Amino acid sequence: MSVTICPLTDVDRDNVDGWLARAEAELAAVAVEPPQRVVDTSSAVLLRASFKPGQAVVSASLTLYRDHGRVRVDLHGAADHDAAPLESWLVEALELTVAARL
């Protein structure tokens, strides 16, 4: 399992809903299963999607903490050789910066 914490840019922090709409569109374009909002509250949104960066399908969870302007990216069941490029793509496509890897 790979876990990454990423802050939103200042511009995206000012328009969290706009960032979320763009993120869902970006994820839907490449996911083998389209993103689904599992939780959507005033303080957090949990998106789940599946990707196939290599041989195996990798489940991803993105938790957006609205009040803190941060995104937690969890990749489940991914081998290191699949997780690293998928994490890099997610960070770049969603215009995030890695603050910490757990």
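Read on for an overview of the structure. Keep in mind the model is a prediction, meaning the values are calculated, not measured.

**A closer look at the overall build of the protein chain**
Helices and strands together make up the secondary structure of the protein chain, namely three helices and six strands. Of the regular secondary structure in the protein chain, the N- to C-terminal order runs β-α-α-β-β-β-β-α-β. Over its C-alpha atoms the protein chain spans a radius of gyration of 13 Å, differing by no more than 12% from the 13 Å that the globule rule assigns to 102 residues. If you line up the protein chain on its principal axes, its C-alpha atoms span 40 × 25 × 20 Å. Counting all 102 residues of the protein chain, 44% fall into the buried class. Residue pairs at least 24 apart in sequence account for 51% of intrachain contacts in the protein chain once pairs closer than 6 positions are excluded. Carbon and sulfur atoms make up 50% of the accessible area of the protein chain, which amounts to about 5,600 Å² in all.

**What about the side chain of Thr 4?**
The residue Thr 4 is located in strand β1 (residues 2-7) in this model. Using a relative accessible area of 1% as the deciding quantity, one classes Thr 4 as buried. Separated by 2.7 Å, the side chains of Thr 4 and Glu 87 make a polar contact. In contact with Thr 4, other than residues within four places in its own chain, are Val 71, Arg 72, Val 73, Glu 87, Val 98, Ala 100 and Arg 101.

**Notes on the sheet that holds β1**
Taken together, six strands build an open sheet; the order of strands is β2-β3-β4-β5-β1-β6 and the sheet is antiparallel. Edge positions in the sheet fall to β2 (33-40) and β6 (100-101), since each of these pairs with one other strand and no more. Bridge analysis of β1 against β6 gives two bridges, and the strand direction is antiparallel. Within β6, the position partnered with Ile 5 by the bridge is Ala 100.

**Thoughts on the packing of aromatic side chains**
In the structure shown here, the tally under the stated rule is one aromatic pair. With centroids separated by 6.3 Å and ring planes inclined at 55 degrees, the aromatic side chains of Phe 51 and Trp 89 adopt a geometry described as tilted. Here Phe 51 is found in strand β3 (residues 44-51), whereas its partner Trp 89 is found in helix α3 (residues 80-93), with 38 residues between them in sequence. Using a relative accessible area of 29% as the deciding quantity, one classes Trp 89 as partly exposed.

**Details of the nonpolar core**
Trp 19, Phe 51, Leu 62, Leu 64, Val 71, Leu 75 and Leu 96 are the most contacted members of the largest nonpolar core, which has 26 residues in total. Secondary-structure elements contributing two or more residues to this core are α2 (16-30), β3, β4 (58-65), β5 (70-76) and α3. By residue number, the principal contributor to this core is α2, which donates five residues. Contacts of Trp 19, omitting those with residues within four sequence positions, involve Leu 8, Asp 12, Leu 64, Val 71, Leu 94 and Leu 96.

Conventions and cut-offs
- Residues numbered from 1 in each chain as written.
- Predicted model: local features only at pLDDT ≥ 70, side-chain atom pairs only at ≥ 80, totals over all residues.
- Heavy atoms only, no water.
- Helix = DSSP H or I, 4+ residues; strand = E, 2+ residues; numbered from the N terminus.
- Rg over C-alpha atoms; globule rule 2.2 N^0.38 Å.
- Buried < 20%, exposed > 50% of the residue type's maximum accessible area, 1.4 Å probe, protein only.
- Contact = heavy atoms within 4.5 Å.
- Areas by Shrake-Rupley, 256 points an atom, 1.4 Å probe, with all protein chains shown as cover.
- Polar contact = N/O pair within 3.5 Å; in protein donor to acceptor, adjacent residues only side chain to side chain.
- Pairing = 2+ DSSP bridges.
- Phe/Tyr/Trp six-rings, centres within 6.5 Å; stacked < 30°, edge-to-face > 60°.
- Core = buried A, V, L, I, M, F, W, Y, C linked by side-chain atoms within 4.5 Å.

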